[in-house]
Amino acid sequence: MCASGERSYKKAPLFTGPKMSQTKENLEDGQRQLTQSRSMNVSGNHTSVTMFVLLGLSDDKELQLILFLVFLAIYLVTLMWNLGLIILIRMDSHLHIPMYFFLSFLSFIDICYSSTISPRMLSDFLKDERTISFFACATQYFVGSWMCLAECCLLAVMACDRYVAIGSPLQYSAIMVPAICWKMVAGAYGSGFVSSLVQTVRCFNLYYCGPNIIQHFFCNIPQIISLSCSNPFISQMAVFLVAIFVGLGSLLVILVSYGFIVASILKMSSTKGSAKAFNTCASHLVAVTLFYSTALSVYMHPSSSHSMKQDKVLSVFYVKLIPMLNPLIYSLRNKEIKVALKRVINGATHLH
């Protein structure tokens, strides 16, 4: 297979006139076959994949340059906003409460999640051959899945924190002590780590003999499993069970928590108190809605209901845009963060 792919590329005839477009397609197919052949390791009668080829978002050179600049700006803004929010929460003592403690770890997850995919995605815009080694692909998926699943668990933790703050305000300080908060964060990160490890080990232990072309801009598990030459049933079940227990399980915790929050708000006699309680949950509710609506639409739909282009657009939204929007969502209508930012700026001005 490797030799035939290379010969078809070298002997592609050149035509002029009306067959020029057909010639261009033949050359592109030949180049793709050559790239694929170089990504195979032949041993006896077996061929194993050593590298994958990422198709990316577009093959248009001019569009790739525009996308490079756009996604570079998004990545830099994501880093600055999330890192700035972490520093602000650490510097201002008024923000040393559980809600902002969890928010700082959410920002850290968004930085890691975006950094897992963005650098390679940006470099692929400037390369002709978008190859990624088998190990690098497994590592990218493992870290990205770890951060994504940890974010699911952390959003559930934040919903529980809001329920305790609104439902039991007098006991809030006694319940949400620092030791409990650290254990909840460790549980969220640990659950994501174990779940991602199970998925990665199961899926990348499958036998891959070719083709090795991933119809995406990063190593996404549905597209990778479809390339397997062995029976993927157990791996698909592992991915499905993780999605059910971690993804939908954390969503169920969030929904139950907000059910109790709504019930607590309805019991409040003061309209002003009800509005204040709702405002403390509004940002978290918006973040949860954006995250789960896009993630579930990609991973929990029948394969025929979306085209690959639609999947890529939705993936761009939750992989690139949501990590950038989260700090803005939590800061835009939050008076405490605005006041803390003014205090830090005034303090820096006085020191200067």
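About the criteria used
- Residues numbered from 1 in each chain as written.
- Predicted model: local features only at pLDDT ≥ 70, side-chain atom pairs only at ≥ 80, totals over all residues.
- Heavy atoms only, no water.
- UniProt positions renumbered as here; feature names shortened; annotations may be inferred.
- Helix = DSSP H or I, 4+ residues; strand = E, 2+ residues; numbered from the N terminus.
- Buried < 20%, exposed > 50% of the residue type's maximum accessible area, 1.4 Å probe, protein only.
- Contact = heavy atoms within 4.5 Å.
- Phe/Tyr/Trp six-rings, centres within 6.5 Å; stacked < 30°, edge-to-face > 60°.
- Pairing = 2+ DSSP bridges.
- Axes fitted to C-alpha atoms, helices over the stretch in contact; angles between N-to-C directions.
- Parallel < 35°, antiparallel > 145°, perpendicular 65-115°, else oblique.
- Left-handed = near helix turned anticlockwise from the far one by under 90°.
- Nonpolar A, V, L, I, M, F, W, Y, C, P; charged D, E, K, R; others polar.
- Disulfide = S-S within 2.5 Å.

Per an unreviewed UniProt entry, the protein chain is named Olfactory receptor, and its organism is Sapajus apella. UniProt lists a comment for the protein chain under the heading Sequence similarities (unreviewed entry), and it reads "Belongs to the G-protein coupled receptor 1 family."

Draft legend 1. Fine view of the overall build of the protein chain. Each helix and strand in the protein chain was counted, giving 12 helices and five strands. Taking all 352 residues of the protein chain together, the buried fraction comes to 45%. For the protein chain, contacts bridging at least 24 residues in sequence account for 76% of all contacts bridging at least 6.

Draft legend 2. Local environment of the packing of aromatic side chains. Evaluation of the coordinates by the stated rule reveals 17 aromatic pairs. Pairing Phe71 with Phe125 gives two aromatic rings, centres 6.0 Å apart and planes at 5°, and the pair type is stacked. One end of the pair, Phe71, is in helix α3 (residues 61-91); the other, Phe125, is in the loop between α4 (98-124) and β4 (131-133), and 54 residues separate them in sequence. Since its relative accessible area comes to 5%, Phe71 is described here as buried. Taking relative accessible area as the criterion, Phe125 reaches 8% and is therefore assigned buried. Here the aromatic rings of Phe101 and Phe105 are separated by 5.1 Å at their centres, their planes lie at 65°, and the arrangement is edge-to-face. Within this pair, Phe101 and its partner Phe105 are both found in helix α4, separated by four residues, close to a single helical turn. Pair check on accessibility: Phe101 and Phe105 agree, each one buried. Three or more aromatic residues joined by ring pairs make a cluster, and in this case those are Phe52, Phe134, Tyr141, Phe204 and Tyr208.

Draft legend 3. Inspection of the sheet that holds strand β3 (residues 51-54) at higher detail. The strand order across the open sheet formed by three strands is β4-β3-β5, and the pairing between neighbours is mixed. Strand pairing shows two members of the sheet lacking a second neighbour, β4 and β5 (213-214), which therefore form its edges. Both β3 and β5 contribute to a ladder of two bridges, which runs parallel. Directly across from Leu54, in β5, lies its bridge partner Ile214. Running at roughly 85° to β4, helix α5 (residues 134-167) makes contact with β3, β4 and β5 of the sheet.

Draft legend 4. Region of interest: the side chain of Gln223. Of note, Gln223 is situated in helix α8 (residues 221-225). Using a relative accessible area of 13% as the deciding quantity, one classes Gln223 as buried.

Draft legend 5. Region of interest: the UniProt feature "transmembrane region" (unreviewed entry) in the protein chain. UniProt records the feature "transmembrane region" (unreviewed entry) for residues 65-88, 100-118, 138-160, 172-190, 237-266, 278-301 and 313-332 in the present numbering. Strand forms 0% of residues 313-332 and helix 100%; the C-alpha atoms that close the span are 26 Å apart.

Draft legend 6. Geometry of the packing of α5 against helix α9 (residues 233-267). Contact geometry for α5 and α9: axes closest at 9 Å, N-to-C directions at 15°. Between α5 and α9, the angle is such that the two are roughly parallel. With respect to the hand of their crossing, α5 and α9 are arranged in left-handed fashion. Residues Leu149, Cys152, Cys153, Leu155, Ala156, Ala159, Cys160, Arg162, Tyr163, Ile166 and Gly167 of α5 form the contact with α9, whose participating residues are Val242, Val246, Gly247, Ser250, Val253, Ile254, Ser257, Tyr258, Phe260, Ile261, Ser264 and Ile265. Classifying every residue of the contact of α5 with α9 gives 17 nonpolar, five polar and one charged.

Draft legend 7. Structural view of the state of the cysteines. Considering all chains together, one arrives at two disulfides under this definition. Between Cys137 and Cys219 runs a disulfide, and the two sulfur atoms are separated by 2.0 Å. Between Cys137 and Cys219, the S-S torsion sits near -130°, and that sign places the bridge as left-handed. With Cys137 in helix α5 and Cys219 in the loop between β5 and α8, the pair connects residues that are 82 residues apart, well separated along the chain. The two residues Cys137 and Cys219 agree in class, both being buried. The residue that forms a disulfide with Cys209 is Cys229, at a sulfur-sulfur distance of 1.9 Å. Residues Cys209 and Cys229 are joined by a disulfide whose S-S torsion is about -95°; by sign, that bridge is left-handed. Residue Cys209 is found in the loop between α7 (178-204) and β5, and its partner Cys229 is found in the loop between α8 and α9; the two are separated by 20 residues along the sequence.

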